[in-house]
Structures are given as C-alpha cells and as structure tokens.
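Architecture and fold: a report
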Amino acid sequence: MRISVIGAGAWGTALSILAARAGNHVTLWARRPEFADNLRARRENAEYLPGIPLDSGIEIITDFNAALDADTIVYVQPAQHFRAFCRMAKPGWRDGTALVIAAKGVERESGALLNEIAEAELPEAAVLTLSGPSFALEAARGLPTAVAIAGTDPALVERMMQAFAHGGFRPYGSEDPVGVEVAGAIKNVLAIACGIVLGKGLGENARSALITRGLAEITRLALAKGGRTETLMGLAGFGDLILTCTSMASRNTSLGHALGQGKALAEVLAGRRSIAEGVSTAAAVVTLAHRIGVEMPIVEAVHRILTDQSHIDDEVRGLLARPLKREG
C-alpha cells in the first residue's frame, strides 16, 4: 500500500516508521522545507523523535499535491488545522483514497468532531480513525503497542489493520469511529486535570476519582453523539485514558502539573515545541456539550482554569461541593 503521512511531528514520524516496517511504501510530508531537508540529511527526527532512525524507504517531501497521490493518507497534524487540510486536499483528492485521522481533538469554533468535518469538507474520502494508548517514542522503538482503527466499512478497517500491523504494533478493529474519536479527544482534557491534581499535591485518591468520573463524562458525551459503551471500555477509551492520565510523559499531564504548581499557561506553552491538544479541546468540548445538553463538570472546570475564569482552588472546592448522587 502507498501511504502518505501528513505531519512530521513525533506521532506522524512514528506512524511513518511503523507503516514502512509493515511493508508499505511511505511518504512523510513536512510543512517546513528546512525541516524536511534536515530529516533527509540525518534520517532522524531529532526535534520530535530523537534516537529513532527513519527507515531508508521513507520518502520525505514538501509537495502537498504529491502527498495526495497515495492509497491511504494519514492526518497527524493538530486537530484545529484539520478543516483547512480537508479544503486544501479536496481539489487533488483521488478516487478510492482512504483518509485515516490520527489526530485527537474537537474543532474549537464549531464543536465538530473531525469525522464530521471530513464528511462535510471531503465527502469523497473513506474515513477511519486511529487512536489508542500510544506514546510515539515507545511505538517507534518497537515496544508492544495496541491501538484501535475505527470505520464504518468493516472491509476497509480490516485492510488498515493489516497495513499497519507489524512486530509489537497491534491494531484492533472497531466500527465505532464516533466513540473512538470522542474518547481520544476528551482524555487530553482529563489528563490536564490529573496533572493539576498532581501539581497541587492532592493525592492519588483524587487522581483515581478524577479518572473514573472523567470516564463517566466521556461516556455521556459519546453516547449522546451515537457512540457505543463497549468502545469506551476498550483501547481508545479506558486504555488511552489510563496511559495519558498516569504518566508525566503525557504532554497534557505535564502541562497540568505545571499549572498545579502555580505556573501560568502562557509560560508553560512558551517553553514547548509540541502541542498539548487538551488546551484547545477543552473549549471545544464545552461548546459541544452545551449544544447537546450533556453535563461535563470536570471538563468545564479545566476550561475555566485554562481561560483564567477561575482559580484552581475554587474549582476543586466547587467539584467537591457538588450534590451527592448515585454512581451510574
């Protein structure tokens, strides 16, 4: 299979390496020409995935139209740029080319899921979602990693599972792209909350409660959007939530930790190259939840903290003072 990966950050580079190891012809598209030149010269993404050599068969390009000449295109740029990508890709989209969304987020202005954006802007594409508990460095090193690939066409899902499976990288199929996408997006917001808990020294009991009640919020929104409960108990749901909320290797958890220790958001973001998707996603999920009438108190608290509408201590008190209720 000819696979083009759009985005040469850590996860895009890792997916390129994994696809090449699985026997595909892989093209990696980088936005910046000087960055692409560096990748070609060093055969390593020293900026985002240091220490992992790029397979010799991976072709690195900056020509966007050339990247569209593929059987499958994998989108791994930030979620907030996805609509612009679809509009730019539409004139050159080839019949039969599949689109795999490997970004995690919800569009901030509209509250739209990325699958919904693709349906509106690029209806000719067969769309799948790839998500799950997967740190890029570990996956690229060949350590055991399991993800979900979701789509509404079972045959296409099966082909994509086979296309990426190799060594320790194990894709599981799903026919619930909505559940997979909702879970992958919101877990980043909950990871910020868990990082804040750690930074404030509120304890492991608090983090465990936050993860569990956060999963309840994911479930409410996913079901309201047409997702399935079993998806949220799987790799893309509970699995990814556990990984992201329990490791300081998570960009979102480490960002929350810095906020919990009293640093300003602008200060934290200024010192980073990579994007913590949970920052933009928090606002987007609040927009979406309000529109469809889903209660998400943890996500709303994180949003208020990120936008300086409230202090962390006030939000903690507010969550603890909520009315008692029965679980489930």
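Just so we're clear, the structure is a prediction, and the values are computed from it rather than from any experiment. (Residues numbered from 1 in each chain as written. Predicted model: local features only at pLDDT ≥ 70, side-chain atom pairs only at ≥ 80, totals over all residues. Heavy atoms only, no water.)

**Remarks on unusual backbone geometry**
- Non-glycine residue R43 carries a positive phi angle of around 55°.
- Looking at the element boundaries, R43 is found in the loop between α2 (33-42) and β3 (44-45).
- Among the residues examined, R43 registers a relative accessible area of 25% and is labelled partly exposed.
- In this structure, D308 takes a positive phi of about 60° despite not being glycine.
- Relative to the helices and strands, D308 resides in the loop between α15 (297-306) and α16 (312-320).
- Exposure remark for D308: the relative accessible area of 70% places this residue in the exposed category. (Helix = DSSP H or I, 4+ residues; strand = E, 2+ residues; numbered from the N terminus. Buried < 20%, exposed > 50% of the residue type's maximum accessible area, 1.4 Å probe, protein only.)

**Quick notes on the nonpolar core**
- Counting 44 residues, the largest nonpolar core has I186 and L255 as the members making the most contacts within it.
- Listing elements by their share of this core, those giving two or more residues are α8 (177-200), α9 (204-224), α11 (235-245), α12 (251-260), α13 (265-270), α14 (278-292) and α15.
- Ranked by residue count, the leading element in this core is α8, at 12 residues.
- Apart from residues lying up to four places away in sequence, I186 is in contact with I218, L221, V285, M296 and V299.
- I17, A19, L54 and A102 belong to the second largest nonpolar core, which has 41 residues in total. (Core = buried A, V, L, I, M, F, W, Y, C linked by side-chain atoms within 4.5 Å. Contact = heavy atoms within 4.5 Å.)

**What to know about the packing of helix α4 (residues 82-89) against helix α5 (residues 114-121)**
- Their axes nearest at 10 Å, the elements α4 and α5 cross at an angle of 25°. Comparing the axis directions of α4 and α5 gives the class roughly parallel. When you trace α4 past α5, the crossing you get is right-handed. Contact with α4, carried on its side by F82, R83, C86 and R87, involves L114, I117, A118 and E121 of α5 and no other residues of that element.
- Its residues placed into classes, the contact of α4 with α5 shows 5 nonpolar, no polar and 3 charged. (Axes fitted to C-alpha atoms, helices over the stretch in contact; angles between N-to-C directions. Parallel < 35°, antiparallel > 145°, perpendicular 65-115°, else oblique. Left-handed = near helix turned anticlockwise from the far one by under 90°. Nonpolar A, V, L, I, M, F, W, Y, C, P; charged D, E, K, R; others polar.)

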